[in-house]
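Notes for the structure review
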Amino acid sequence: MLTIDIPGFGELAAENLVMDLNGTLGLEGVPDAGVVRRLRDLSQTLTLTVLTSDTHGRARDLPTDFGLCIERLTPGREAEQKAAFVRGLGAAATIAIGNGANDAIMLREARVGICVIGDEGACAPGLLNADVVVHHIHHGLDLLLKPKRLLATLRR
Ligand SMILES: [Mg+2]
C-alpha cells in the first residue's frame, strides 16, 4: 500500500498500479533495465498489472518473477476495457500510467493518472485527463517510489 495525504487532493491509499505497455513502459513494448528495476521495487508496495493490446507481441518477454501481472485486451473498445479493469480493482485504490488514446479513460478514473510522453508521444485526451504528466517513464515510476515528489506536484 502506498499512502500519502496530499493537501487539497486528499488522502491517497493506493494498492494497485495499472500500466500500459507500448510507449509507456517501453519503446515498442520493451522496458529498459531502469524500468524493470523500478517495477521490482514498486512490487513491494503495490500490486502491478500491465494492461496491453500487445501491438508488438512483446508482453510475453516481460519479467514476471516479482509478481507482475499481464492482462491482454481483446480487440475493440480498448479504452473502455482498460477503464473497466481499473474500476474492477477499485479506482480509488488504483494509480494508472499510460500514454495512448486507449488509456485516456483509465487515467481519468484512477485515483492518480500519470501520462507519459516518452519516445512515442502521448495522446491529447490522455494529457488532459491525467493528474500528472511526465516526459519519461522513469520519472513517472519515481513519483511512486519517492511519494513526496508526487505530493509536491499535486498539492494545492
Ligand atoms: Mg501506449
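This text follows the structure it describes.
Conventions used here
- Residues numbered from 1 in each chain as written.
- Predicted model: local features only at pLDDT ≥ 70, side-chain atom pairs only at ≥ 80, totals over all residues.
- Heavy atoms only, no water.
- Helix = DSSP H or I, 4+ residues; strand = E, 2+ residues; numbered from the N terminus.
- Rg over C-alpha atoms; globule rule 2.2 N^0.38 Å.
- Buried < 20%, exposed > 50% of the residue type's maximum accessible area, 1.4 Å probe, protein only.
- Contact = heavy atoms within 4.5 Å.
- Areas by Shrake-Rupley, 256 points an atom, 1.4 Å probe, with all protein chains shown as cover.
- Lys, Arg positive; Asp, Glu negative; His and termini not counted.
- Charge placed at Lys NZ, Arg CZ, Asp CG, Glu CD.
- Core = buried A, V, L, I, M, F, W, Y, C linked by side-chain atoms within 4.5 Å.
- Polar contact = N/O pair within 3.5 Å; in protein donor to acceptor, adjacent residues only side chain to side chain.

A separate point is the overall build of the protein. Of the regular secondary structure elements, the protein holds 6 helices and 10 strands. Relative to the 2.2 N^0.38 estimate, which gives 15 Å for 156 residues, the radius of gyration of the protein is 14 Å and therefore close to what a compact globule would have. Projected onto the principal axes, the alpha-carbon positions of the protein cover approximately 40 × 30 × 30 Å. The 156 residues of the protein split such that 49% are buried. Counting only contacts in the protein whose residues sit at least 6 apart along the sequence, the fraction spanning at least 24 positions is 52%. Taken as a whole, the protein presents about 7200 Å² of accessible surface, with 50% of it coming from carbon and sulfur. Taken as two groups, the 16 positive and 19 negative side-chain charges of the protein have centres that lie 4 Å from each other.

With that out of the way, let us pick up the nonpolar core. Counting residues in hydrophobic clusters, the biggest one holds 34 residues, and the most contacted among them are L17, M19, L48, I95, I97 and L144. Residues in contact with L17, not counting those within four places in the same chain, are L42, L46, T47, L48, T49, I95, I97, L141 and L144. By size, the runner-up hydrophobic cluster in this structure holds 11 residues, among which are L73, A110, C115 and A130.

Turning our eyes to something else, we now look at the side chain of H138. Within the secondary structure layout, H138 lies in helix α5 (residues 137–145). Apart from the residues within four sequence positions on either side, H138 is in contact with D32, G34, V35 and R38.

Before going further, it helps to examine the side chain of N22. Within the fold, N22 resides in the loop between β3 (16–19) and β4 (26–27). A polar atom in the side chain of N22 sits 3.1 Å from the backbone nitrogen of G29. Those residues in contact with N22 that lie beyond four places of it in its chain are E28, G29, T52, D54, T55, H56, N99 and E120.

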